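The residues making up each chain are set out below.
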Amino acid sequence: MEQLKNQFQLEVSKKFRRFDFHPVQRKLYSYDLSEPPKLLKRFLGIADVVIQPESKEEVYEILKIAKKYRMPVIPRGSATSAYGGVLPYKGGIVVDFTRLNDFEVDEDKKLLISGAGVVWWDVQKELVKRGLSLRVYPTSAPSSTVGGWIGQGGYGVGSLKYGSIAENVEWVEVVDFNGIGVKEPSKFVGLEGTTGLIVSAAIKLKDYDDDRALAFNVNIEDSIKLMSKSKAHTAFFYNDKYVELLKETRSLKIDDGNILLLTFESVSNTVSDGDEEVGELLWQDRFYPFRMRKISNLICVEVVLPIQKLIDFSKKIEKLPFIVMFSKTDALILILLTVQGEVKYSTWLQTMKLIKIAEKYNGKVYSPGLWFSYKSDKLLSNFEVLRSYKREVDEYNLLNPGKIFPFGPIHRLIKLADLVVR
Amino acid sequence: MMDVEVIENSNKCARCNYCRVCPIYTVEGWESASPRGKLYTIKSLVNGEIDVDARVVKELFKCTTCGSCEVICQVEIPLINLWENFRAHLNSKGYILPVHKKLREKTFREWNPYGESREKRADWFKDLKNLTSTNSDLLYFAGCTASYRTLSIARDTVELFNKTGLDFNYAGVDEYCCGSPFLRTGQRDLAQKLFLKNYKKWKEMGIRRIVTSCAGCYRTIAKDYPKIAEKLDYDFDFEVLHTVQILDEIVDEIDFEDVDVKATYHDPCHLGRHMGVYEEPRRVIEKMGIELIEMEKNRENAFCCGAGGGVKSQFKELALAIGELRVKEALNTNADYLISCCPFCKLHISQSLNNFDKNINVLDIVEVVIRTLNK
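Residues numbered from 1 in each chain as written. Chains lettered and ligands numbered in written order. Predicted model: local features only at pLDDT ≥ 70, side-chain atom pairs only at ≥ 80, totals over all residues. Heavy atoms only, no water.

## Description of the overall build of chain B
In terms of regular secondary structure, chain B is built from 18 helices and eight strands. Its C-alpha atoms give chain B a radius of gyration of 20 Å, within 12% of the compact-globule value 21 Å for 375 residues. When its C-alpha atoms are laid out on the principal axes, chain B stretches across 65 × 50 × 35 Å. Burial statistics for chain B: of 375 residues in total, 61% are counted as buried. A separation of at least 24 residues holds for 79% of the contacts in chain B among residues at least 6 apart in sequence. Summed over its atoms, the accessible surface of chain B is roughly 15,000 Å², and 45% of this surface lies on carbon and sulfur atoms. Here chain B contributes 52 positively and 55 negatively charged side chains, and the mean placements of these two sets differ by 6 Å. (Helix = DSSP H or I, 4+ residues; strand = E, 2+ residues; numbered from the N terminus. Rg over C-alpha atoms; globule rule 2.2 N^0.38 Å. Buried < 20%, exposed > 50% of the residue type's maximum accessible area, 1.4 Å probe, protein only. Contact = heavy atoms within 4.5 Å. Areas by Shrake-Rupley, 256 points an atom, 1.4 Å probe, with all protein chains shown as cover. Lys, Arg positive; Asp, Glu negative; His and termini not counted. Charge placed at Lys NZ, Arg CZ, Asp CG, Glu CD.)

This is the structure in structure tokens:
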């Protein structure tokens, strides 16, 4: 065993320029934003090695080594998600994609051809200089990577008009055990690298236009009406409890009560009323949901519901601070739970209770990741197709095991807790 | 015992990674080098999940204390203090990096971290002696770098004071290192010793106001000395200024030549993010008739030169790699001059320029003022 380990280390050292076996570095590449309770932590492994590939060919070399030594491979961008997608659950090789950070722009086709490690906001700044802009980007854009968000899937800024990230990816370039190739994105977006490692992608762009943000003091019913009529590209609803927290943590000069924020490309703005000053304040704040942690440790629960169920669901959570981000058809709700001291199992039960309530309103957890992989068959409409593809390309279940496709004890433990929660 | 504040604040980290703006992380690219990674390391050490070893200590000292992480932090963790407090904790446990230890030894011998002879500290001033007034309560504090490395800054400052009729006094060989390198690297005992030596001399001289050319000295004397004084139960009733603040006050009375040059301005971290002095140098540059072209990262988002926090001394290549990134930004402006307000930034940026074909004149703001005065 020890000999095999030495052989593995020697081979990694010979093949790659940027790698690290130090225990602290390995630990530092074994977390994300989630705070698992001790009970779950004991089932989580840590990385055996961290490698930073500098080309897609190196990514392929990593997979060859992984297959040879039967080591799991865990892709990692900026690790800004909280679903356990980047956790080396069973140990293995953590592949830090941040060095694949080249991009080019096809101005005629309005496409960004981006390496997986490119940070969304870095590329947006460059696009703006060329009169172009991303159509959608995550609210963690100042640090999250192109590969990270595509791997995670979901909604972001711009999704009201332009849809989810899945609708904005033209193609992905993927490395699997068979080689490197350009593929149609549907078997890879939101799959956390379980069906292949995304090394680059083509992202749809739009012409740049100044954003104009307007705020409205309206309740959730009127927010839905206003949002539906508007041509906004982004709509956020902040409930009164959230506004209270915002005022406390950010010293923002805004009125009490619920707020709807609509943001338009200035050419398509047809709404004339609304508070521009508050709108701009909240718009500038869109990247900073964690500012609330300044006053207390917080856990975020994210659920997605059909918009028509939002009003009823919101009544069930009205005592908690929450934000809604609208897409064309769905509402992504981010609910904040205050935690005193460290995160305990009971905090997770509370989280699951909220998810369960959402499920009663046709809602679902935002992403399966590791923690909710036992729900994947319900969350992904083509789950069986994906599972059979996974078996086809990943014979030994080495591509990010335990994510999306349930494996090991963690999903069973959480499923058990799910059964207990009422 | 570790500072409770350090523990509480390291637990607050949201792990959003917005602190990737860190110059060390920008160059090194490993989590261990990022502020987020360092906070997680501290948390893991506190929880007994990892052990301290030489590598861990080294990683924790890879920080220029530039404060860009503190500016961007969503949770508003007072990170500069946190890094300094944790380094002090490591020092108290005997973890000190070899070059930092050497700086300490040199300073105990000669009262400057360069290890230059104390007797030569005021050599730059020899032929300017007649310009001082022993009656003045305004002290010029040149600092170690301007006294031993970038002498023209000190000389030009004195010439400027003379030309504008500003009476000042100077402690000569009785000026001691302010202690900044030791506060930043957690060696608080030595910083306190240096405080006491300077303080005693200033009181003997009847000083009320102190003006310094160095951003690091300015931060230390204006922000750290009052805290040390409070701890020791000393009065600290000095007014502390950076040269650029004096310049900003008198610039309207100065007669400048007409110039046709473009300049960019590098915000020293200790003057900008640490002390909030952003507009004064810009006003002075504009009043001189120089066209100011900002670098992409400026004011509170300015990129560090790479020298501070003990990085230049202990991690030379890393410091130079950071300096080169800043030089690239400056060269992209196509300016003729890169102006700054810190001898240490000037020294390091000039050295970082060595590997470039293109050139830019790196000068302190006082040197530019002297060059553009109407003769």
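Moving on from the model shown.
## Overview of the packing of helix α1 (residues 2-15) of chain A against helix α4 (residues 56-69) of chain A
Residue and element names in this part refer to chain A. Where α1 contacts α4, the axes come no closer than 11 Å and their chain directions differ by 170 degrees. Relative to α4, the element α1 is oriented roughly antiparallel. Side by side, α1 and α4 meet where L4, Q7, F8, E11, V12 and K15 of the first sit next to E58, E61, I65, K68 and Y69 of the second. Taken together, the residues of the contact of α1 with α4 sort by class into five nonpolar, one polar and five charged. (Axes fitted to C-alpha atoms, helices over the stretch in contact; angles between N-to-C directions. Parallel < 35°, antiparallel > 145°, perpendicular 65-115°, else oblique. Nonpolar A, V, L, I, M, F, W, Y, C, P; charged D, E, K, R; others polar.)

## Description of the domain arrangement of chain A
By a frequent convention, interface size equals the accessible area lost on bringing the separate parts together. Residues and elements named next belong to chain A. For chain A, the assigned domains are domain 1 (2-98) and domain 2 (211-365). The C-alpha-based centres of domain 1 and domain 2 are spaced at 35 Å. Residue-level contacts link eight residues of domain 1 with ten residues of domain 2. Interface of domain 1 and domain 2: buried area, both sides summed, is about 740 Å²; carbon and sulfur atoms make up 68% of it. Among the residues domain 1 hides against domain 2, the three largest losses belong to E35, P37 and Y83. Together they make up 61% of the total. (Domains from an automatic or database assignment. Buried area = accessible area lost by both parts, 1.4 Å probe.)

## Some words on the domain arrangement of chain B
All names here are of chain B. Under the domain assignment used here, chain B contains domain 1 (4-95), domain 2 (99-247) and domain 3 (253-372). Once you take the C-alpha centre of each, domain 1 and domain 2 turn out to be 30 Å apart. With eight residues of domain 1 in contact, the opposing surface of domain 2 contributes eight residues. In total, about 690 Å² of surface goes out of reach between domain 1 and domain 2, with carbon and sulfur atoms giving 39% of it. At the junction of domain 1 and domain 2, the tally comes to one salt bridge. Taken together, the connections running from domain 1 to domain 2 amount to four residue pairs in polar contact (both at pLDDT 80 or more). (Salt bridge = Lys/Arg side-chain N within 4 Å of Asp/Glu carboxyl O. Polar contact = N/O pair within 3.5 Å; in protein donor to acceptor, adjacent residues only side chain to side chain.)

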